[in-house]
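Structural description and commentary
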Amino acid sequence: MQDGSSGSQDREIQPAALLHPIQPFMPDHSKITLDPQAPEGTRSVQRTMGLLNAFRYGESWLPLKEIAARVGLPKPTAHRILNALASTRLIEGSADGRYRLGSAATELGFRASIARLESPPRPTPFTASTVARSNSFDYRAWNGAVGATSYDATFEREYFAVRGGAGVLDVSPLFLYEFVGPEAEQAVQRILTRDVRRCAVNQVMYSAWCDDDGYLLQDGNLIRLAPDRFRLSTAEPSLRWFSDCSFGLDVVVHDIGDHVAKLAVQGPLSRSLLQRVLDPGSASADAVAELGYFRGCAAEFEGRPLYVTRTGFTGDLGYELWMELDCVESGVESGVESGCGSGEANHAPAASLWEALLNSDLGPAVMPMGLEALDAVRIEAGLILIDIDYFSSSHALLEKRHSTPDQAGLGWAAKMVAGNDFVGRAKMSQERKRGVTSQFVGLEIDWPELERAYAPHGLRPQTVGRPPSREPMPIRAAGHDASGPQIGQVTSSFFSPRLKKQLCLATVPSEHAKIGSTVQVGMRVEMQRSLLSATVVKLPFYEPPQKKAKFRLGSGGEA
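Just so you know, the residues in each chain are numbered from 1, in the order the chain's sequence is written. For a predicted model such as this one, the threshold for reporting local features is a pLDDT of at least 70, and the threshold for listing and counting side-chain atom pairs is 80 or more; totals across whole chains, interfaces and linings nevertheless cover every residue. Side-chain numbers come from the whole structure's heavy atoms, not from hydrogens or water.

**Quick notes on helix α9 (residues 270-277)**
- Per-residue accessibility, obtained with a 1.4 Å probe over protein chains only, is compared with the maximum for each type, and a residue is labelled buried under 20%, exposed over 50%, and partly exposed between these values. Under the DSSP-based scheme used, a helix requires at least four consecutive residues in state H or I and a strand at least two consecutive residues in state E, with every element numbered from the N terminus. Of all eight residues in α9, six are buried, a share of seventy percent or more.
- Buried within α9 are the following residues: Ser270, Arg271, Ser272, Leu273, Leu274 and Val277.

In structure tokens:
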């Protein structure tokens, strides 16, 4: 997995408290009735709360006349209170005399909502903005935070935005670690299966890491920020493992996940979008425009530094933006070593970046992307997800649930070269000598085969338009009926609107993994298992030309 969510914590939730994150400030929108005996200060508070309550959820800019009429106040009085509220960001005013709820009201409503949950999710730097834009109010737990499952009633518009325009995704729930010190390279070399010595400054390497028995723990992206500084993203907490593996080396491992805002900007228009938003015309914007595949560079947004990598989890042209956060208590940059101590990180600059990306002149071609759309495009790209397509050895309950990098399709990322003595190498070498018993493959089920399965029920194929499935499905050898032995399993599946086929990520015995081989997938059709013929194909299913294209300054971001 190059980026994405942890399958082990990816259960869907729809907490009632999140259904309307901006709660009304008063019981209804009727005119204010003031207590004639109340002190003037109390009456002022009543007027203020009434004005806040005049803004109904989902409404945009309102003229002063309508706001005043809703609460029964003279326009001069309403104007004076609204301007006072604007100074606190509870209300935002426009040059033509209209008003709407401000960012502080959104944040306040979100905090009030999650406070009622037994285990409140931790907000990311973009949570207030993502909640305000969600029309579905459908969320999924992700590493203690929540991510929008989709922003609309279905994920399809977001899917097509990523495949035809650009999608913006909050990936801040990912864990993030930095290795800093004279022997940082040796520490990372000891942990990862890639040959990190070949990683240049500002280069990104996708890699896996294993336990002592050569079984896969996790996978993620490594960025070399300096000769003695590396940054590694992970799906699950890894500080103790990284610290243990670094024992005896002159390196310090920092957990910086809560001090860095992380955004993914993915799709064929993602380069054009960044050229419009990241301080256009500056040297850093030019560097981003020419950024190579799996490379990174420093950039700026509104004069604030951030780091940009040309990476992602969609299999398309895409970038990830990393912004270090300031501390509210000090107002200075936190730095990875110090963090924010007992203070809180300032999320405002990150939220401003989110809004700038989604309010660009590209219009509806740019959309926020939820986790269902991400799941769909990562399946098309043939990218694996932890605890869905493979189980981390740290919590695999059965021996047969363990996977080596070779079995998970990551053998190419395990370099058995001299000097690359990563944890688990000896056991992996032994397995390669014995021969890999199972392999990770892509399967395609054609439309006629789907029609054949649903025709007895008088239905068209019901997988069309449905969210990606993580339901395991049994695989049997070609020619066997439902009573035949199970030889493997599908771990992720999705009907691709672009390819017009049912796509499956699966694990099968090596003798069935040859490209062009045929197997049978036991798909659930009307509460019954039906065997559908599937063909082993080369991954990825979909790889557009812009994914790895080389760009020169002045060229368009579209393929």
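**Here we look at the sheet that holds strand β21 (residues 473-477)**
- DSSP-based pairing: two strands are paired if at least 2 bridges between them are found. The strand order β20-β23-β22-β21-β24-β25 describes a closed barrel built from six strands, whose pairing is antiparallel. Strand-to-strand twist of the sheet, defined as the mean angle between neighbouring strand axes without regard to direction, takes the value 40 degrees.
- Two strands pair when backbone bridges link them, and β21 and strand β24 (residues 518-525) are joined in this way by three bridges, in the antiparallel orientation. What sits directly across from Arg476, in β24, is Gln520.
- Contact between two residues is taken to exist if any of their heavy atoms lie within 4.5 Å; hydrogens are not considered. Where helices are involved, their axes are fitted lines through C-alpha atoms of the stretch in contact, as for all axes, and angles between N-to-C directions lie from 0 to 180°. Each of β22 (486-496) and β23 (501-509) is contacted by helix α12 (residues 371-380), which is oriented at about 120 degrees to β22, the strand it contacts most.

**Comments concerning the sheet that holds strand β16 (residues 318-324)**
- Ordered in space as β14-β15-β16-β13-β7-β19, the six strands form an open sheet in which the pairing is mixed. Single-partner strands in this sheet number two, and they are β14 (296-301) and β19 (366-368). Direction aside, neighbouring strands of the sheet carry axes that sit 25 degrees apart on average.
- Contacting β7 (166-170), β13 (260-266) and β19, helix α6 (residues 156-164) runs over the sheet at an angle of about 135 degrees to β19.
- Relative to the sheet, α9 contacts β7, β13, β14, β15 (304-309), β16 and β19, its axis offset from that of β16 by approximately 35 degrees.

**What to know about the packing of α6 against α12**
- It is the contact of α6 with α12, at a shortest axis distance of 8 Å, that shows an interaxial angle of 45 degrees. When the axis of α6 is compared with that of α12, the two are oblique. Where α6 crosses over α12, the handedness of that crossing is right-handed. The segment α6 lies against α12, with Glu158, Tyr159, Val162 and Arg163 engaging Ala373, Ala376, Val377 and Glu380.
- Basically, the charged four are Asp, Glu, Lys and Arg, the nonpolar ten are Ala, Val, Leu, Ile, Met, Phe, Trp, Tyr, Cys and Pro, and anything else, Gly included, counts as polar. In terms of residue class, the contact of α6 with α12 is built from five nonpolar, no polar and three charged. Here the word oblique covers every angle except those under 35 degrees (roughly parallel), over 145 (roughly antiparallel) and from 65 to 115 (roughly perpendicular). Each helix crossing is assigned a hand: it is left-handed if the near helix lies turned anticlockwise from the far helix by less than a right angle, otherwise right-handed if that turn is clockwise.

**Considering the nonpolar core**
- Grouping buried Ala, Val, Leu, Ile, Met, Phe, Trp, Tyr and Cys residues that are joined through side-chain atoms within 4.5 Å yields what is termed a nonpolar core. Core analysis: the largest hydrophobic core is formed by 44 residues, its most contacted members being Leu169 and Ile384.
- Secondary-structure elements contributing two or more residues to this core are α6, β9 (204-210), β10 (216-226), β13, α12 and β23.
- Among the elements that line this core, the one with the most residues is α12, at six residues.
- Both domain 2 (127-173 + 259-327 + 343-380) and domain 3 (437-543 + 546-550 + 555-559) contribute no fewer than three residues apiece to this core.
- In this view, Leu169 contacts Lys262, Leu263, Ala264, Met369, Gly370, Leu371 and Leu374; residues no more than four positions away in its chain are not counted. The split of the chain into domains comes from an automatic or database domain assignment.

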